[in-house]
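Chain by chain, the residues:
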Amino acid sequence: MCAAALVLFVTLSPSHANESPVLPAPIPEAVAKLRLQPAIGPTAVPVRAGEQPLTEALLANYVKRQQELRSVDVTLAGPQPELNTELLMGYIARGSLGGGNTALSAIASFTEPAAPRPEPTVTPDLLAAYVESGYQPTAKRVQFADNERQCLAQAIYHEARGETATGQLAVANVIVNRARSSKFPSSLCGVVYQNADKGRYRCQFTFACDGRDDTPSERAAWSRSVALAGKVYAEYATGQEIGVLPRSALYYHTTAVRPSWASTFSRVAAVDSHIFYAP
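Criteria and cut-off values
- Residues numbered from 1 in each chain as written.
- Predicted model: local features only at pLDDT ≥ 70, side-chain atom pairs only at ≥ 80, totals over all residues.
- Heavy atoms only, no water.
- Helix = DSSP H or I, 4+ residues; strand = E, 2+ residues; numbered from the N terminus.
- Buried < 20%, exposed > 50% of the residue type's maximum accessible area, 1.4 Å probe, protein only.
- Contact = heavy atoms within 4.5 Å.
- Core = buried A, V, L, I, M, F, W, Y, C linked by side-chain atoms within 4.5 Å.
- 1 Å grid on protein atoms, 1.4 Å probe; cavity = no way out; pocket = protein on both sides within 12 Å on 5 of 7 lines; lining within 4 Å.
- Points joined across faces, edges and corners; volume = space filled by probe spheres on them.
- Nonpolar A, V, L, I, M, F, W, Y, C, P; charged D, E, K, R; others polar.
- Pairing = 2+ DSSP bridges.
- Axes fitted to C-alpha atoms, helices over the stretch in contact; angles between N-to-C directions.

*Asks:* Sorry if this is basic, but what is going on with the side chain of asparagine 177 here?
*Replies:* With respect to the helices and strands, asparagine 177 occurs in helix H8 (residues 165-180). Using a relative accessible area of 3% as the deciding quantity, one classes asparagine 177 as buried. Residues in contact with asparagine 177, not counting those within four places in the same chain, are Pro246, Arg247, Ala249 and Leu250.

Dropping the structure here:
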């Protein structure tokens, strides 16, 4: 209670009118100048060389320095010292302090024997032999590969589109075996359409010479045939085995027929509705 009474006494006591008002102290001149400077921050960072704004003073300074440099006469420095071993070694020693020395590199490039250049691997004779062996431009090779896949897809579709994946692969295997055999054309298209120009039903694969339109009508079956043809062609082009049938299997027929030639060949396998033979 004594503390509360003291606070009330100080607060409610009247101020004396004859006391002078308290004013802020004057700001020192040094502090006033400091306040006029920009705040410390990005604006106070000095501009890097080459990024200063092009002012008249900067341009005048550049012109003055260039005039001074051009006015120097190097002959006034007196005769130049003779280039001898001591002077050269001193230059090399000073240059070596900073790491690499361009003087040493330049000297080495003239004094060291040049490494022999390797002989070119492509010679005119080699290039001529390559052309003679059946060179074809890339675009032509790509077109040939596309045709091979298309012919194989047509054969898979028309000969075995109702078969399982293994049955379709077996038919493709026979076509690849024929292309790799010396008894048949050396390309997949040549095998599929062999003798197709001899007349109706005189070719190796019936669909190729039956006179009907070969355009696939079953979209899903055609998509599967195209995908399988792409896989088989990749294996054929890289020399891999297709794997369903041995390389000796060159003939097949459906179980619905019994051709006369079947008894003269060796039966290799029966997959789905096809029976496969080897000579």
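The structure having been displayed, the exposition proceeds.
*Asks:* What is the right way to read the nonpolar core from this model?
*Replies:* What tends to happen in soluble globular proteins is that the nonpolar side chains get buried as a cluster. Leu152, Ile175, Leu188, Val232 and Phe276 are the most contacted members of the largest nonpolar core, which has 39 residues in total. For this core, the elements supplying multiple residues, two or more each, are helix H7 (138-160), H8, helix H9 (188-192), helix H10 (219-237), strand E1 (251-254) and strand E3 (274-278). The dominant element in this core, judged by the number of residues it contributes, is H8, at eight residues. Beyond its immediate sequence surroundings of up to four residues, leucine 152 is in contact with Ala172, Ile175, Leu188, Ala229, Val232 and Tyr233.

*Asks:* What is the right way to read the layout of surface pockets from this model?
*Replies:* If you roll a probe as big as a water molecule over the atoms, it shows you where there is empty space left. Each pocket or cavity is described by its volume, and for the largest pocket that value is around 310 Å³. Per-element tally for the lining of the largest pocket: the top contributor is E1, with three residues. A per-class count over the lining of the largest pocket returns eight nonpolar, five polar and two charged. Considered as a void within the structure, the second largest pocket measures approximately 160 Å³ in volume. Looking at the lining of the second largest pocket residue by residue, the classes come out as one nonpolar, two polar and six charged.

*Asks:* Got a minute to help me understand the sheet that holds strand E2 (residues 266-271) in this structure?
*Replies:* Sheet strands line up and pair through hydrogen bonds in the backbone, either parallel or antiparallel. Sheet architecture is open: three strands sit in the order E1-E3-E2, paired in antiparallel fashion. Edge positions in the open sheet fall to E1 and E2, since each of these has one partner strand only. Pairwise comparison of adjacent strand axes, ignoring direction, gives a mean angle of 25 degrees for this sheet.

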